[in-house]
Amino acid sequence: MRARTALQEETIITVIRKTVTAVGCTAVLFTAAAACGTVQNLTAGQKVDHAVSALGEKKAIAFQLDLDASASAINSVAGESGSEDSLPPEFAKFVSGLRVDVTIKSRKALADSGEKDLVGTSMKVTGADGVLVEYRIIGDLMYYRTDMKAIGEAMGVPMPTADDLPPSQKELKKVLEGDWVKVDTKELERAGKAAGGGSKGAADSGELDAKTQKKVLDAVRGVIGHKVTFRTEGGADGVEHVIATGNVRDLLTGVFDKLRPLQGDLPAGAELPTAKDLKEAPNKKAAVDFTLKNGDLRQIRVDLAVLSDTPSKAKLPLVLKFSEAGDVSAPSGATEIPVDKIPPGSPLGGAFMGGGGGF
């Protein structure tokens, strides 16, 4: 596998940053789609708003996120093949094959649920050759597995093997071999607090209280109402498309300007981008396509290629699909890892504490 140049690494980071920006734009439109400025917009926006509200009334939901594009399309948008700006072939192939599947089940309606209400959560990241990372949370136990070798090959970074582990960390052998492991999250949380990593106050709990949620939603809706237009396109068999269009930089700047006064009420680590950061956001319009069937939200689609600075006819559709939630069950044969054997600050510890954050 060829070594990456510093310029290639920077290109990869740029592509990832633009992808995250686009996803953020999608989420903003998704969350506040009902707030529009004209009667025509209001009708189209309300259809999405009602569909989103219906999702929040469910006790379980499943969704899938993937980039519906080939490796060659990804590379053509990032930079011409063979040029200094092009992505390494293995990385473009890796991104093109990625898919994220999430399932959430709760005792209460999802819109009213907090972490304590969840009875089962799963997240699986799949690549072209199989599962890369998967975790499931059932009660106080988190189950986790990862294909470290596949991730290392795709990212061009050597990963440790089971043979590299010192005797004091033999419990982590199963992780490096790709087998299921489990940990008691309550014990892990207590260990973190004992080590001085405990949270202080609601802002550090990872959840927003109801009052702050309302402030955030009102702020976002106010910006959407002035900067996003909606139109409806009909379809067959009860299918309808609502297209939301807005300038990415204007949207993000407006939203984060409204959120800055709420910074102290947001969860720890939720740092807002600076004005300088936002000036680097694409000054282009993005269209988000909400697919409804008989009033139910089935899919959200946005073309990331419009945000690229590289002239290209290729399309990079980022697609979010909704479906009925299946069962979330504990995998058999998982090896329990004692909390005191998880290295502090390790990717594994981040995965258990952050829900897959080790990837």
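Here the structure is a predicted model, which is why all the values come from computation and not from measurement. (Residues numbered from 1 in each chain as written. Predicted model: local features only at pLDDT ≥ 70, side-chain atom pairs only at ≥ 80, totals over all residues. Heavy atoms only, no water.)

This brings us to the overall build of the protein chain. Tallying secondary structure elements over the protein chain gives 11 helices and 12 strands in all. Across the 359 residues of the protein chain, 40% fall into the buried class. Element-wise, carbon and sulfur atoms account for 53% of the exposed surface of the protein chain, whose accessible area totals about 19,200 Å². (Helix = DSSP H or I, 4+ residues; strand = E, 2+ residues; numbered from the N terminus. Buried < 20%, exposed > 50% of the residue type's maximum accessible area, 1.4 Å probe, protein only. Areas by Shrake-Rupley, 256 points an atom, 1.4 Å probe, with all protein chains shown as cover.)

Attention now goes to the sheet that holds strand S3 (residues 118-127). Read from one edge to the other, the open sheet built from 12 strands follows the order S7-S8-S9-S10-S11-S1-S2-S3-S4-S5-S6-S12, with strand pairing classed as mixed. Only two strands of the sheet have a single partner each, and these edge strands are strand S7 (229-234) and strand S12 (335-336). Where S7 lies against strand S8 (residues 239-247), six bridges are found, and the strand directions are antiparallel. Its bridge partner lying in S8, Thr232 is registered against Val242. Each of S8 and strand S9 (285-293) is contacted by helix H9 (residues 248-259), which is oriented at about 75° to S8, the strand it contacts most. (Pairing = 2+ DSSP bridges. Contact = heavy atoms within 4.5 Å. Axes fitted to C-alpha atoms, helices over the stretch in contact; angles between N-to-C directions.)

Along the chain, the position of Thr103 falls in strand S2 (residues 99-106). Owing to a relative accessible area of 14%, Thr103 belongs among the buried residues under this scheme.

Our next topic: the pairing of strand S4 (residues 130-138). The pairing of S3 with S4 spans seven bridges and is antiparallel. Considered in S4, the bridge of Thr121 is made with Ile137. Linking S3 back to S4 in an antiparallel pair, the connection comprises two residues. Judged from the six bridges that link them, S4 and strand S5 (residues 141-146) form a sheet pairing that is antiparallel. In the sheet register, Tyr135 faces S5, and the bridge partner there is Tyr144. Hairpin connection from S4 to S5: two residues lie between these consecutive antiparallel strands, with Gly139 at a positive phi of about 65°.

What follows is about the confidence of the model for the protein chain. In the predicted model, the protein chain carries a mean pLDDT of 75, and 74% of its residues have values of at least 70. When pLDDT is averaged over each element of the protein chain, S2 comes out on top at 93 and helix H1 (residues 6-31) at the bottom at 43. In the predicted structure, residues 1-40 sits below a pLDDT of 50 and forms 82 contacts with residues beyond four places in sequence or in another chain. Note on residues 198-204: pLDDT is under 50 here. Beyond four places in sequence and across chains, it has 10 contacts. (pLDDT = per-residue confidence, 0-100.)

The phi angle at Asp237 is positive, at roughly 55°, despite the residue not being glycine. Residue placement: Asp237 occurs in the loop between S7 and S8. Exposure remark for Asp237: the relative accessible area of 68% places this residue in the exposed category. For Asn294, which is not glycine, the phi torsion reads 50° and is therefore positive.

Right, let's talk about the pairing of strand S1 (residues 60-67) for a bit. Where S1 and S2 come together, seven bridges link them in antiparallel fashion. Bridge pairing in S2 places Gln64 opposite Asp101. Taken together, the six bridges between S1 and strand S11 (residues 317-323) define a ladder with antiparallel strand orientation. Note on S11: the bridge partner recorded for Leu67 is Leu318.

Oppositely charged side chains can form a pair if their charged atoms are brought close together. The tally for this structure, following the rule as stated, stands at 12 salt bridges. Between Asp68 and Arg301 there is a salt bridge; the shortest N-O distance is 3.5 Å. Separated by 233 residues along the polypeptide, Asp68 in the loop between S1 and helix H3 (71-78) and Arg301 in strand S10 (residues 296-303) bring together distant segments of the chain. Residue Asp68 is classed as partly exposed on the basis of its relative accessible area of 45%. When the shortest N-O distance is used, the salt bridge between Lys174 and Asp179 registers 3.9 Å. Note on Lys174: relative accessible area 33%, which makes it partly exposed. A single salt-bridge network, built from bridges that share partners, covers Glu134, Arg136 and Arg145. (Salt bridge = Lys/Arg side-chain N within 4 Å of Asp/Glu carboxyl O.)

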